[in-house]
Amino acid sequence: VAKAAKLLGFDNQEELRKFTTPLLKQFGVDPLVTGGTIGAQLFNRLVVLCAPKTSAARKLLEELSTAWRSPGRTSKTKDLPAEPVQAGSLPAWPSCDAALVGMANGPLERVRQYLQWRCRMKHFAGVACGIVRGGSLVFYQDAGYQDVDSKAKMSGNTIVRLFSMTKCLVAAAFATYYEDPDSGIDLDDPVSKYIPAFDTAKLKVLPKRGQKENQPCEKAVTLRQLLTHTSGIGYGATLDDPWPPEKGAYYKVFEQLSEQTKNGEIGNLETWCNELARVPLKGQPGRFWDYSYSLDVIGRVLEIIAGKPLDVIMEERICGPLKMRDTRFEVPKEHAGRIGPWYRSVEIEGKPQLAHRLEVVDPGGEESGWVGGNVAKVLSAGGTVDVPLKMRGGMVSTFNDYIRFLIMLRNFGELDGVRILKRETVQMMICNHIPVACYGKKSAFVFDKPGVGYNWLGQIQAQHQKQDRGSVPGEFGWGGLAGPAWTIDPRSDLIILSMTQTAFVLDHEEYVRYAARRAIHQYIYGSVAAPSKATSYHPESFDMVRPKAEKPSEEEDPAQLEREFEQEFLVNRRTRIRGAKERAIAPGPRLDRHPDEEEVLAYQTEMANRKPSSPSQNGAQDAGAGQAPPAPVKKRKSSGTPKEKAPAAKGDSGGDSPGPDGILYKRVALGEQEKKKARVVTVSGDVAEVVTEGDWRSMNVDIDTIQEIEETQFGIPLPRKMDQSEPTDFSFMMDHMTPKESPKRKT
């Protein structure tokens, strides 16, 4: 208060208090306390209130107004007096009852109990999660432990490993420079402008299929492509991937780089990026989306632009202004007790219904890979550049820290009166950038998930008839290898953040998100005829249910609840489809791109030339088809004029033996809008009999009106030695064929 009085032109704090007390009461704000402290938000309000009184306040108001509108952040904005907060002791974000922001409490309580059960079953050690709506924390839960052995409780101040959620913070830091005209940054600038090792003439691309020599790089890698993982760089091994790499492993190309990093030969981000530039790209820049080391390169670009190390940039541009006291690349030794072990949850004897076993991947405390001399030498802006034998790197944070970053995004760049980014910059950041980065291509999706694009901060879902259930158009977010994940849904004004320290497990964030949307739905419509389990998707139905007779209040049976949760878990374990956040951290091969036009053309040419005259030849010719790239949906046309041919027998496509180029037993789309899918069961002339999917009706259609759906369009290669003329499903349809008619019945 004393400092505020001086800045605002008053002789002492008592004069300031007397002048502002009646004005603050009009806004329902308590009077200032002599000798007390105020936050940045209240100080900004005092500037406005005192501007008519003193010239100092008027001048300060003009300076702040100019600073808020300007691309850069001036020292006046950054150094506003704020309530002192000790490191590791951030206050909880202001909370309110869910009903005050239009949410029912029932679904939130259900998911709270479910997550407690998951912790007891050791599916993860502990969780700290929350929901923000309307700028207020309407749901928060911490359950389980940050350290299972010591029984240290999980909390909003538990320090967790972010891994790939570091990317979001680094991208925001880059945006603070991008929006400053003095930086001269163009998103279409070649990376070589900042890192000469990425000069287009020096870069190589892995050979095409059937070739042995690397290809030259056709176009420069741009900053936009780095920010959206369309650079062609690719990623190395993740946790649980075999090391050293096996022959043919997708990450083997990074083996030398990873070994140099592990052995300490590479000691900083500059050297690491220069060595990365020597590794061949997985594909030409701008051809497809492929999760990659691209944000690590952005981290080095930031160092060159700012002339400072990445950790200093992050503190100055993001963590400091947002008061994210525990978000950094290294945990100070005095706070080592707040970082618990990083676990892996393992089924016991392959029985998912039993409590799991938690295995330690990285120890907690001073032995952690984020404390003291154990810290990775390379400041990884992407999360980690280490080998899977000991994965470390990237930043750490807490629930209380990271929620401030997300609320800043929700507020379009501002928090507590401090502006980090311009509104227009945040709007640009959260849009899908893949089509622009891929030179207008609209068929490139994240991990081939229909409608899933990528902005500067993570995945963003667009409306698509095949989008994953539970996803909502406009929502965006990302996760990390160690277990944290977040989502922002701007249209519902929702922020979901869930922090764990258990590898590969991100479903907890999904279930909190589903519960939030069920809570909104229930608040508006009440109870409707829709699933209401802890893991149920948000309802899309609005049918009322008949009110049931009220029963005497009875306490909920804990045993019954446990059985319900166990059944939910087992069903979801079998049926749940992993989202892009989990696909990004999963071990194993990543079939994460659509083929480029050249590959599609080569594939179509190859398939057109393979027309065997007998089933036995078909098997031999298919032997090399395992590496053929997928092809998109393609229009089928009638071959020849049926009237000029002899009548075709049932099951015969124009008299020719059905081969890979025929449509018998193929999956097809009916109509121009491709809304109905079906399987061809017989062909007679220019008419095909199909069985539709879903309602399983048989109908006759004109061949000219159907489109063939190539079974490998989602990146699944054709199996070797597979007879494409034999149906892979609908096997019950074979009963109507005689042995002579069956294309693959051998004696």
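For the structure, check the block above.
On a predicted model such as this, the values are computed, not experimentally measured, just so you know.

A.B. asks: Would you take a moment to explain the packing of helix α10 (residues 269-276) against helix α11 (residues 294-306) for this structure?
C.D. replies: To describe two helices that pack against each other, one gives the angle between their axes and the distance between the axes. Contact pair α10 / α11: the axes reach a minimum separation of 10 Å and the direction vectors enclose 130°. With respect to α11, the axis of α10 lies oblique. By crossing handedness, the relation of α10 to α11 is classed as left-handed. Contacts between α10 and α11 involve Leu-269, Glu-270, Trp-272, Cys-273 and Leu-276 from the former and Asp-296, Val-297, Gly-299, Arg-300 and Glu-303 from the latter. Along the lines of polarity and charge, the residues of the contact of α10 with α11 split into five nonpolar, one polar and four charged.

A.B. asks: Would you mind showing me how to read the packing of aromatic side chains here?
C.D. replies: What characterises a pair of aromatic rings is the spacing of the ring centres plus the angle enclosed by the ring planes. This structure, assessed with the given rule, holds 25 aromatic pairs. Here the aromatic rings of Phe-163 and Trp-342 are separated by 4.9 Å at their centres, their planes lie at 45°, and the arrangement is tilted. With Phe-163 in the loop between β4 (160-161) and α7 (166-178) and Trp-342 in strand β7 (residues 342-346), this residue pair connects regions lying 179 residues apart in the sequence. Under the relative-accessibility criterion, Phe-163 is labelled buried at 1%. Classification of Trp-342 as buried rests on a relative accessible area of 0%. Following the ring pairs from residue to residue traces out a cluster consisting of Tyr-235, Phe-254, Trp-272, Trp-289, Tyr-291, Tyr-293, Phe-447, Tyr-454 and Trp-478. Over the aromatic face of Tyr-177 sits the side chain of Arg-317, whose NZ or CZ is 3.9 Å from the ring centroid.

A.B. asks: Can you walk me through the pairing of strand β15 (residues 485-489) in this structure?
C.D. replies: Sheet faces and side chains relate simply in a regular strand, where the side chains alternate between the two faces. By the criterion of burial, β15 is predominantly enclosed, with five of the five residues buried. Burial along β15 is two-sided: Ala-485, Thr-487 and Asp-489 and Trp-486 and Ile-488, pointing in opposite directions, are all buried. As defined by bridge partners, strand β14 (residues 476-479) adjoins β15 across four bridges and the pair is classed as antiparallel. Each bridged residue has a counterpart across the sheet, and for Gly-479 the counterpart in β15 is Ala-485. Counting the residues that bridge the hairpin from β14 to β15 gives five residues, and of these Gly-483 lies at a positive phi of roughly 130°. In sequence, β15 turns back onto strand β16 (residues 494-500) through a hairpin of four residues, with Asp-493 there showing a positive phi of about 55°.

A.B. asks: I'm lost on the sheet that holds strand β2 (residues 136-147) in this one. Help?
C.D. replies: Strands pair in a sheet through their backbones, by hydrogen bonds, and they do so in one of two ways: parallel or antiparallel. Ordered in space as β3-β2-β1-β16-β15-β14-β13-β12, the eight strands form an open sheet in which the pairing is antiparallel. With partners counted over all chains shown, the strands left at the sheet margins are β3 (152-153) and β12 (452-454), one partner each. In this sheet, β16 lies alongside β15 in antiparallel orientation, the contact comprising five bridges. Counterpart to Thr-487 in the pairing with β16 is Ile-496.

A.B. asks: How should the environment of Leu-115 be read in this particular structure?
C.D. replies: Along the chain, the position of Leu-115 falls in helix α6 (residues 106-120). Put simply, Leu-115 and His-508 are 393 residues apart on the chain and 7.3 Å apart in space, counted from C-alpha to C-alpha. With sequence-adjacent residues up to four places away left out, Leu-115 is seen in contact with Phe-124, Val-127, Cys-129, Gln-141, His-508 and Val-512.

A.B. asks: Got a minute to help me understand the nonpolar core in this structure?
C.D. replies: Residues Phe-174, Trp-272, Ile-318, Tyr-402, Phe-405 and Trp-486 are the most contacted members of the largest nonpolar core, which totals 99 residues. Counting residues per element, this core draws most heavily on α7, which supplies nine residues. Look past the residues within four positions of Phe-405 in its chain and what remains in contact with it is Cys-168, Leu-169, Ala-172, Ile-318, Leu-322, Met-324 and Leu-457. If you look at the next biggest cluster of nonpolar residues, it comprises 31 residues, including Ala-98, Met-103, Ala-143 and Ile-520.

Parameters and conventions
- Residues numbered from 1 in each chain as written.
- Predicted model: local features only at pLDDT ≥ 70, side-chain atom pairs only at ≥ 80, totals over all residues.
- Heavy atoms only, no water.
- Axes fitted to C-alpha atoms, helices over the stretch in contact; angles between N-to-C directions.
- Helix = DSSP H or I, 4+ residues; strand = E, 2+ residues; numbered from the N terminus.
- Parallel < 35°, antiparallel > 145°, perpendicular 65-115°, else oblique.
- Left-handed = near helix turned anticlockwise from the far one by under 90°.
- Contact = heavy atoms within 4.5 Å.
- Nonpolar A, V, L, I, M, F, W, Y, C, P; charged D, E, K, R; others polar.
- Phe/Tyr/Trp six-rings, centres within 6.5 Å; stacked < 30°, edge-to-face > 60°.
- Buried < 20%, exposed > 50% of the residue type's maximum accessible area, 1.4 Å probe, protein only.
- Lys NZ or Arg CZ within 6 Å of the ring centre and 35° of its normal.
- Pairing = 2+ DSSP bridges.
- Core = buried A, V, L, I, M, F, W, Y, C linked by side-chain atoms within 4.5 Å.

Shape descriptors only; they carry no functional weight alone.
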